[in-house]
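Below, each chain spelled out in residue letters.
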Amino acid sequence: MELKILWASMYGNAEYVAARVETMANKKDFNVEMIEMNDVSMADLQKMKNVAVVTSTTGQGDVPTNGEWFWDDLEKADIDLSNMRYSVCALGDSSHAEFCGAGKKIDIRLAELGARKVVSRVECDGDDTGSHQWADEFLNKLAEA
């Protein structure tokens, strides 16, 4: 089974989590590709079937620099993502006004475009606590289908 891991990271935490998801998925015999968000076009996104989104949040709830082009395109996109199954791991810091803002808005937008959420978004506060359990649950649900 194919899995695309789309990630955006400011200081490396989200990239680390994405790499760990990749390792976990490989152990479950998924065919995995980890892709920096800005390297994903909307045409590419529309072809994806199983997607794990891992992103940190920067500024006032913004997507990190290596995901901002992706977000700009996704926000304006008029595409059908009904063939996609996904989940989001959002990293943030609850001391900021927009806690996990980047992950929240990507999650909402994917759902608006018809993508089907497999497991609920996890919101990690200040570190990656919860991300391992989220990945395990997401991968198991994908494998069951």
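Everything here concerns the structure above.
Residues numbered from 1 in each chain as written. Predicted model: local features only at pLDDT ≥ 70, side-chain atom pairs only at ≥ 80, totals over all residues. Heavy atoms only, no water.

Enquirer: Describe the layout of surface pockets, with residues and values.
Expert: As a volume, the largest pocket reaches approximately 310 Å³. In terms of lining, the largest pocket is formed by 14 residues, of which the most central are S56, T57, L91, G92 and D93. Looking at the lining of the largest pocket residue by residue, the classes come out as three nonpolar, eight polar and three charged. (1 Å grid on protein atoms, 1.4 Å probe; cavity = no way out; pocket = protein on both sides within 12 Å on 5 of 7 lines; lining within 4 Å. Points joined across faces, edges and corners; volume = space filled by probe spheres on them. Nonpolar A, V, L, I, M, F, W, Y, C, P; charged D, E, K, R; others polar.)

Enquirer: How would you sum up the packing of helix α1 (residues 13-27) against helix α5 (residues 131-144)? Please name residues and give values.
Expert: Contact geometry of α1 with α5 gives a least axis separation of 10 Å together with a crossing angle of 40 degrees. Classified by the angle their axes make, α1 and α5 are oblique. You can see that α1 and α5 cross each other, and the crossing is right-handed. For the pair α1 and α5, contact is made by V17, R20, V21, M24 and A25 and by S131, H132, W134, A135, D136 and L139, respectively. Within the contact of α1 with α5, the residues separate by chemical class into seven nonpolar, two polar and two charged. (Axes fitted to C-alpha atoms, helices over the stretch in contact; angles between N-to-C directions. Helix = DSSP H or I, 4+ residues; strand = E, 2+ residues; numbered from the N terminus. Parallel < 35°, antiparallel > 145°, perpendicular 65-115°, else oblique. Left-handed = near helix turned anticlockwise from the far one by under 90°. Contact = heavy atoms within 4.5 Å.)

Enquirer: Go over the side chain of N66 with me, naming the residues and quoting the values.
Expert: Positionally, N66 belongs in the loop between β3 (50-55) and α3 (68-76). Exposure remark for N66: the relative accessible area of 14% places this residue in the buried category. (Buried < 20%, exposed > 50% of the residue type's maximum accessible area, 1.4 Å probe, protein only.)

Enquirer: Help me get a handle on the packing of aromatic side chains, residues and values and all.
Expert: Per the stated rule, a full pass over the model turns up one aromatic pair. Their ring planes at 5 degrees and their centres at 5.8 Å tell us that W134 and F138 sit as a pair that is stacked. With W134 and F138 both in helix α5 and four residues apart, the pair spans about one turn of that helix. F138 carries the same exposure label as W134, and that label is buried. (Phe/Tyr/Trp six-rings, centres within 6.5 Å; stacked < 30°, edge-to-face > 60°.)

Note that all results are geometric; they support no functional claim without further evidence.
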